[in-house]
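# Structural overview
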Amino acid sequence: MDAYRGVAVRVPATGQAAAAVLVLHGGYEHGIARPGRLNPPARRMHPFIRAIAGAARDRDLVVAEARYRHRGWNGERADTARDAARALEELAALTGGAPVVMVGHSMGARAALRTAGTPTVAGVVALAAWCPPDEPVAHLGGARLVFVHARGDRITSPAASLAMAGRARAAGAQVARYEFPRGDHAMLRGAARWHRLTARAVCGLLGFAPLPSGAAQSFALPAASADGLTLPPG
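Computed from a predicted model, the values in this text were never measured in an experiment.

Turning next to helix α5 (residues 158-170). With 13 residues, α5 should reach 18 Å at 1.5 Å per residue; the first-to-last C-alpha distance of 18 Å fits that figure. P158, S161, M164, A165, A168 and R169 are the residues of α5 that are buried. Seen from one end, α5 has its buried residues packed into an arc of 135°, which puts them on one side. Residues of α5 that are exposed and point over 90 degrees away from its buried face: A159 and A170. Residues of α5 that are buried in the fold lie against α4 (107-114), β7 (144-150), β8 (174-180) and α7 (215-220). Capping the start of α5, S157 holds a side-chain oxygen 3.2 Å from the backbone nitrogen of A159, two or three residues further along. Looking one or two residues beyond α5, the residue adopting positive phi is G172, at roughly 110°.

Written out as structure tokens, the structure reads:
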């Protein structure tokens, strides 16, 4: 990957960009220091990047990783959301405004959801999302969101992500949510299933392939419906 300001980018061999995926790793509630060179939360997303790139290998897909200035969200500063917005701007400049799917884990999922109203964003895959009860949803009207959470997550609350998924749908978003009956916040247990579902969701949101099982039906449900919000991962 080549350094490109606020994102690290893998450009297709053709040099063209039909679409892009922006990966946003997790972090900490508070932390002003820059992420370290090893940065385990970023490394955790590398198998997802490989799965997505493999699933879209015949497409002109730009794959990008957001680079954070700080390790934490840091309250009202919302540093990670600012970094996500900056990465989207830079990615749009690089690709000529190609559609982007954001894939975020934990704090990165919160940042992706916070910036999902950006015009180039075609969808969000929110993995083990950090969803405080006061997280805004008014900007999510028309957004397409796929939540994935493990029932055994002890770091971010699956109940909170379910609640946000419902609030997002009520605000006009198209929402599907998958819940693994077993698993953890680090997405290590059953890792291949996490990678496979994420890659399918990204390709589906970009129109490269069908959406994962049940997602299209869930997207089609009306805003007031609580039905079909949580789906088996298949």
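A few words now on helix α3 (residues 79-95). Residues spaced three or four apart along an α-helix face the same direction, because each turn holds 3.6 residues. In this model, α3 (17 residues) spans 24 Å end to end at C-alpha, consistent with the 24 Å of a helix rising 1.5 Å per residue. The first or second residue beyond α3 is G96, which carries a positive phi of 75°.

Turning our attention to the packing of helix α2 (residues 46-55) against helix α6 (residues 191-205). Interaxial distance between α2 and α6 falls to 9 Å at its minimum, and their mutual angle equals 50°. As far as their axial angle goes, α6 and α2 are oblique. For the element pair α2 and α6, the recorded crossing hand is right-handed. Contact residues: α2 offers P47, F48, A51, I52 and A55, while α6 offers W194, H195, T198, A199, V202 and C203.

Moving on, we come to the nonpolar core. For soluble globular proteins, nonpolar side chains are generally found buried alongside one another. With 39 residues, the main nonpolar core has L22 and L145 as its most contacted residues. Listed by contribution, the elements that provide at least two residues to this core are β3 (19-24), β4 (61-66), α3, β5 (100-105), α4, β6 (121-127), β7 and α5. Ranked by size, the runner-up nonpolar core spans 34 residues in total, among them V21, M45, V125 and A199.

Attention now moves to the pairing of β4. Buried residues dominate β4, accounting for 6 of its 6 residues. The alternating pattern of β4 places L61, V63 and E65 on one face and V62, A64 and A66 on the opposite face, and all of these are buried. Sheet analysis places β3 next to β4, joined by 5 bridges and oriented parallel. Looking across to β4, one finds that V23 is bridged to E65.

Now for the side chain of R169. Of note, R169 is situated in helix α5. Look at R169 and you get buried, because its relative accessible area is 1%. Here S218 takes part through its side chain, which lies 2.9 Å from a polar atom of the side chain of R169. Here the side chain of R169 touches S225 through a polar contact of 2.9 Å, landing on its backbone oxygen. With residues up to four places along the chain from it excluded, the contact list for R169 reads V175, S218, L221, P222, A223, S225, A226, D227, G228 and L229.

Conventions and cut-offs
- Along each chain, residues carry numbers from 1 onward, in the same order as the chain's sequence is written.
- Where totals are concerned, whole chains, interfaces and linings use all residues; where local detail is concerned, this predicted model gives features only for residues with pLDDT of at least 70, and gives and counts side-chain atom pairs only at 80 or more.
- Only hydrogens and water are set aside; all other atoms, that is, all heavy atoms of the structure, feed into the side-chain values.
- For helices the rule is a DSSP run of H or I covering at least 4 residues; for strands it is a run of E covering at least 2, with both sets numbered from the N terminus onward.
- Helices are assigned an expected span. That span is 1.5 Å times one less than the residue count.
- To sort residues, take the accessible area from a 1.4 Å probe on protein chains only and compare it with the maximum for the residue type: under 20% means buried, over 50% means exposed, and anything in between is partly exposed.
- When we speak of the arc, we mean the arc of directions from the helix axis to the C-beta atoms.
- Two residues form a contact once any of their heavy atoms are found within 4.5 Å.
- Each polar contact in these results corresponds to two N or O atoms within 3.5 Å; when the atoms are within protein, one needs to be able to donate a hydrogen and the other to accept it, and residues that are neighboring in sequence are counted only if both atoms are side-chain atoms.
- Between N-to-C directions, angles span 0 to 180 degrees; the directions come from axes that are lines fitted to C-alpha atoms, helices contributing only their stretch in contact.
- Reported orientations rely on four angle classes, namely roughly parallel under 35 degrees, roughly antiparallel over 145, roughly perpendicular from 65 to 115, and oblique for the rest.
- By definition, turning the near helix anticlockwise from the far helix through less than a right angle yields a left-handed crossing, and turning it clockwise yields a right-handed one.
- We define the nonpolar core as a collection of buried residues of types Ala, Val, Leu, Ile, Met, Phe, Trp, Tyr and Cys that are connected through side-chain atoms lying within 4.5 Å of one another.
- Strand pairing follows a simple DSSP-based rule, namely that at least 2 bridges must link the two strands.

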